[in-house]
Amino acid sequence: MHRKCIHIILGLLFGGIFLQAQDITSEYTEMPDTSSTIEHFEWALAAQQQKLRNFIPAFTDTSRYTNPSVELLETCYTQTFLQGILADKGEILQKYYQKTGKTKFLKNAYETFELVNEVTSNIAVSPYESTRLFEYFDMKNAYANAIQTAITISKKTNNKNYLEQAFQWAERSKLLFLKRFKNDFIPDSLKKQEWDLKAGIQDLEMGFFLDSLDKSTIQPRINRLKGELAAFNQRLKQDFPDYFKAIKIPSLNQIRNKILKDETVLLKYFVSEKATFLFEISKNDIQIHELKSTYDEMLEWWRNVDEFIKKSDGNTEQYIAAASNLYEHLLPISTPKNCIIIPDFILVTLPFEALLTSKPTDTNFKTLPYLLREKNISYSYSATQLLEQYKGLPVNIGKQFLGITDNQPNNRDEVHYINRKLKGEVLQDSTNLKADFKKKVKNYDIIHLAVDIDTLGNLLMGKDVITPLELSQQDFDVSMFVMNSSSWADFKLEQILNSKTESIIFPRWRTDRATSKDIMQRFYANLGEKMSKSASLRQAKLDYLTEDYVNEKMAHPYYWAAWSPYGNMSPLNIQIKIENFIGLVVGLILILLIIAYFLRKNSPNIPVSTITNIPARG
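Because the structure is a prediction, the values reported are computed rather than measured.

(A) Representation of the pattern of salt bridges. One pass over the full model with this rule turns up 17 salt bridges. Two residues, Lys268 and Glu171, come together in a salt bridge whose shortest N-O distance is 2.8 Å. On the criterion of sequence distance, the pair formed by Lys268 in strand E1 (residues 264–271) and Glu171 in helix H7 (residues 161–182) is long-range, its members being 97 residues apart. Among the residues examined, Lys268 registers a relative accessible area of 1% and is labelled buried. Residue classification places Glu171 among the buried positions, given a relative accessible area of 0%. Note that Lys541 is salt-bridged to Glu353, the shortest N-O span being 3.5 Å.

(B) Representation of unusual backbone geometry. Phi is positive for Phe345, which is not a glycine, with a value near 55°. Examined against the element boundaries, Phe345 turns out to sit in the loop between strand E4 (338–342) and strand E5 (376–379). Given a relative accessible area of 23%, Phe345 falls into the partly exposed group. Unlike most non-glycine residues, Lys530 shows phi in positive territory, near 70°. Counting through the fold element by element, Lys530 comes out in the loop between helix H19 (513–527) and helix H20 (533–546). For Lys530, a relative accessible area of 43% corresponds to the partly exposed category.

(C) Representation of the environment of Phe270 in the model. Within the secondary structure, Phe270 sits in strand E1. C-alpha separation for the pair Phe270 and Asp344, spaced 74 residues apart in sequence, amounts to 5.7 Å. Non-local contacts of Phe270, meaning those with residues more than four positions away in its chain, are made with Lys140, Tyr143, Ala144, Ile147, Ala170, Ser173, Ala275, Thr276, Phe277, Phe279 and Asp344.

(D) Local environment of the pairing of E1. Summarising burial for E1: 8 of the 8 residues are buried, a large majority. The alternating pattern of E1 places Thr264, Leu266, Lys268 and Phe270 on one face and Val265, Leu267, Tyr269 and Val271 on the opposite face, and all of these are buried. Strand direction decides the pairing type here: E1 and E4, joined by 5 bridges, are parallel. When the sheet's bridge partners are listed, Leu267 is paired in E4 with Ile341. Of the pairings in the sheet, the one linking E1 to strand E2 (residues 276–281) comprises 6 bridges and is antiparallel in character. Across the sheet, residue Phe270 finds its bridge partner in E2, namely Phe277.

(E) Geometry of the packing of helix H15 (residues 409–421) against H19. Viewed as axis vectors pointing N to C, H15 and H19 meet at an angle of 5°, and their least axial separation amounts to 9 Å. In terms of orientation, H15 and H19 fall into the roughly parallel class. From H15, Asn410, Asn411, Asp413, Glu414, Tyr417 and Ile418 reach across to H19, where they touch Arg513, Ala514, Ser516, Lys517, Met520, Gln521, Tyr524 and Ala525. Looking at the contact of H15 with H19 residue by residue, the class counts come to 6 nonpolar, 4 polar and 4 charged.

(F) Seen up close, the pairing of strand E3 (residues 286–290). For E2 and E3, the ladder comprises 5 bridges, and the chain directions are antiparallel. If you follow Leu278 over to E3, its bridge partner there is His289. Between the end of E2 and the start of E3, which pair antiparallel, lie 4 residues.

(G) Representation of the side chain of Thr501 in the model. On the secondary structure map, Thr501 appears in the loop between helix H18 (492–497) and strand E12 (503–507). Within polar-contact distance, the side chain of Thr501 engages the backbone oxygen of Val478 at 2.9 Å. Side-chain polar atoms of Thr501 contact the backbone oxygen of Ser503, separated by 3.2 Å. When near neighbours in sequence (up to four residues on either side) are disregarded, Thr501 contacts Gln389, Lys391, Val478, Ser479, Met480 and Phe481.

(H) Broad picture of the environment of Ser312. Looking at where Ser312 falls in the secondary structure, it is placed in the loop between helix H12 (295–309) and helix H13 (316–330). Sequence spacing of Ser312 and Tyr559 is 247 residues, and the spatial spacing of their C-alpha atoms is 7.6 Å. Those residues within four positions of Ser312 in sequence are excluded, and the remaining contacts are His556, Tyr558 and Tyr559.

(I) Molecular detail of a negative patch on the surface. Judged by side-chain charge, Asp138, Glu273, Asp296, Glu297 and Glu300 come together as a negatively charged surface patch. Here the element with the most residues in the negative patch is H12; it accounts for 3 residues. Residue position: Asp138 is located in helix H6 (residues 136–157).

(J) Just the nonpolar core, in detail. Judged by nonpolar contacts, the single largest core of 98 residues is most densely connected at Tyr319, Phe352, Ile404, Phe437 and Tyr524. When residues in this core are grouped by element, the largest group, 8 residues, is from H12. Once you skip the residues sitting within four places of it in the chain, Phe352 turns out to touch Tyr269, Leu330, Ile341, Pro343, Leu347, Leu371, Ile377 and Tyr379. Judged by nonpolar contacts, the second largest core, of 57 residues, contains Leu45, Ala109, Ile259 and Tyr390.

(K) Spotlight on the packing of aromatic side chains. Under the counting rule described, the total for this entry stands at 18 aromatic pairs. Arranged with centres 4.9 Å apart and planes meeting at 80°, the rings of Tyr558 and Tyr559 form a pair that is edge-to-face. Each member of the pair, Tyr558 as well as Tyr559, carries the same accessibility label: buried. Through pairs of rings, three or more aromatic residues link up here, namely Tyr269, Phe352, Tyr379, Tyr381, Phe506 and Tyr566. The positively charged end of Lys140 is found above the aromatic ring belonging to Phe270, 4.2 Å away from the centroid. The aromatic ring of Tyr379 is capped on one face by Arg508, whose charged end is 5.0 Å from the ring centroid.

(L) Looking closely at a nonpolar patch on the surface. A contiguous nonpolar patch, built from Leu588, Ile591, Leu592, Ile595 and Leu599 and spanning about 510 Å² of accessible area, is present on the exposed surface. Mapped onto the elements, Leu592 comes out in helix H22 (residues 578–602). A residue is classified by how much of its surface remains accessible, and Leu592, at 57% relative accessible area, is exposed.

(M) The arrangement of H20 in detail. An ideal rise of 1.5 Å per residue puts 20 Å on 14 residues; H20 measures up with 20 Å between its terminal C-alpha atoms. By the criterion of burial, H20 is predominantly enclosed, with 10 of the 14 residues buried. Every buried residue belonging to H20 is among Lys533, Ser534, Ser536, Leu537, Arg538, Ala540, Lys541, Leu542, Tyr544 and Leu545, and all of these are buried. If you follow the buried residues of H20, they end up packed against E5, strand E11 (480–483), E12, H19, helix H21 (557–560) and strand E13 (563–567).

Definitions and limits used
- Every chain is numbered independently, its residues counted from 1 as its sequence is written.
- Reporting of local features is limited, given that this is a predicted model, to residues whose pLDDT is at least 70; pairs of side-chain atoms are given and counted only at 80 or more, and all residues count toward the totals for whole chains, interfaces and linings.
- Side-chain measures here rest on the full set of heavy atoms in the structure, leaving out hydrogens and waters.
- For this document, the term salt bridge refers to a Lys or Arg side-chain nitrogen within 4 Å of an Asp or Glu carboxyl oxygen.
- Here a strand is any run of E in DSSP of at least two residues, a helix any run of H or I of at least four, and the numbering for each starts at the N terminus.
- Exposed residues in this analysis have more than 50% of their type's maximum accessible area, buried residues have under 20%, and partly exposed residues fall in between, with area computed by a 1.4 Å probe over protein chains only.
- In what follows, residue pairs with any heavy atoms lying within 4.5 Å of each other are defined as contacts.
- For two strands to count as paired, DSSP must find a minimum of two bridges between them.
- Here the axes come from fitting lines to C-alpha atoms, over the contacting stretch only for helices, and the angles between their N-to-C directions go from 0 to 180 degrees.
- Oblique is the label for any angle not covered by the other classes, which are roughly parallel (under 35 degrees), roughly antiparallel (over 145) and roughly perpendicular (65 to 115).
- Three classes are used: nonpolar for Ala, Val, Leu, Ile, Met, Phe, Trp, Tyr, Cys and Pro, charged for Asp, Glu, Lys and Arg, and polar for all others, with Gly counted as polar.
- We call two N or O atoms a polar contact when they sit within 3.5 Å, provided that within protein one can donate a hydrogen and the other can accept it, with sequence-adjacent residues counted only if both atoms are side-chain atoms.
- Patch membership needs two things, relative accessible area over 30% and no salt bridge, and members are linked within 9 Å if like-charged or within 5 Å if nonpolar (Val, Leu, Ile, Met, Phe, Trp, Tyr).
- Computed with a 1.4 Å probe, the accessible areas rest on the Shrake-Rupley method; for each residue, only the protein chains presented here act as cover.
- Think of it this way: Lys and Arg go in the positive column, Asp and Glu in the negative one, and His and the chain ends go nowhere.
- A single reference atom marks each charge: NZ on Lys, CZ on Arg, CG on Asp, CD on Glu.
- Residues belong to a common nonpolar core when they are buried Ala, Val, Leu, Ile, Met, Phe, Trp, Tyr or Cys residues joined through side-chain atoms within 4.5 Å.
- Here a Phe, Tyr or Trp ring, Trp counted by its six-membered ring, pairs with any other such ring whose centre lies within 6.5 Å, and the pair is stacked when the planes are under 30 degrees apart, edge-to-face when over 60, and tilted otherwise.
- Note on criteria: charge over ring means Lys NZ or Arg CZ within 6 Å of the ring centre, with the direction from the centre no more than 35 degrees off the ring normal.
- Under the convention used throughout, the expected extent of a helix is 1.5 Å for every residue step, that is, one less than its residue count.

Next comes the structure, spelled out in structure tokens:
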């Protein structure tokens, strides 16, 4: 192993760490564009191949190699360097194909992008390294080129297996981003400790190679630090198991068999600076559409919609133009009524329901052609996580609902209304609210929070707070988690709970409390009718928009479009409280008594003598 480390250091120092290709003019190491000459492509490919040989001596011209050793890829710098070389080579080959039309370059590009994904997916990324690993936009652009290559080969061969591979690549890029996001919940002190240990090992190994230290004393110090690093990593994995959990991306058949029905389509977006793709996955087919809008155009439309709907005033004409443009460009296809949307990048904050299916002349918010009127939409962060959310958790009869509320009147009324419908209990603002919540939350199937959030993103629990990290470490599995409160900064709540619950309902921005209570009460009433969660929420919004007391101002998307359903949308087997049956029975008895009273009162009087004079039979 030690000899391998020395070999790696030699390669990095003298081979290619500074991107110097031997005997290749440096100006041709930059990627050519499609207007370049054939010679430019040849020189650029030769330069990239030389970088790879300097990095991995066994690298061949066919771009195939045995998985690199753990020692080779144990640092962020070496992994990022290899990914970058491979991504650049794949792009050169892709452009070479566009220039020449020769299929061999297209196939070589596809194989190279397979290697990019292989390197990316086979390496266990540590918390410190994930903040810098294969910079986000570079990674997205590399995967965008890979997806485009797969689409081109699929069209030439009429083989949709390449489209499934493109789906796998898009899913991998999303999961890498989510891993970077989960990294935020690991304390910086631990990341620094990890880096100090790795830097110490690297410095000692470099000193060993350069003969600047006594070799008889350096090896024991290296071994000691490596032992400390191994013990540190073990503790880290025990404390943050979700971060280190290996995730296997499901096949399309697994997704279809468990999630998709004939009337449901999965729409997965991939957004990069280079291109935006829409994956349309149905029960029996997959299509990939390259969207026409540029990244800058989409960013401007998204910003106009985002700024408008998160406050109750704004430029209505600007919103209508942006919301209709986004609909036209993001959904250029005909889809079934039920859509599961996996957004990407800036689209994760977009409520698709508020998009407009046409440009109306009337600006009345009660009658605008919202996509809400045509589609039943739910969301997920990735297809992999969505499949995990179809757990089929058993219903906990008798302890279905746990409501947590403060003393704000609308919050209190909202939670107590739901509790009158479901079996469970309410925890109301008190000095022991946090302790009671942490003690009881694992015993219920539906958790409903109607509390506020402070500026740091912590849940206010009486005089205490629950941090996002504390919530992510709670031991519970629930069928539905409803967060009906202020907006959660940059979608942290949903990500924390995706591995803990089948479904999540939450607001994307700070909502009007009176409207919140109204929509939530309608939502739970619909759940009681065995409607799916997404259909229950959609119907609650539609009913709200039709109410007479909802004027044009209150029909603004700010008031109703905030709530989004994520995850498994299967109906809940809600058990009605026994008190409701008793009330129903008592009500029916009263109605029958009233009917009997009126029937008796209005029936003709029959003389008693007539009754007594009826002759007996026989």
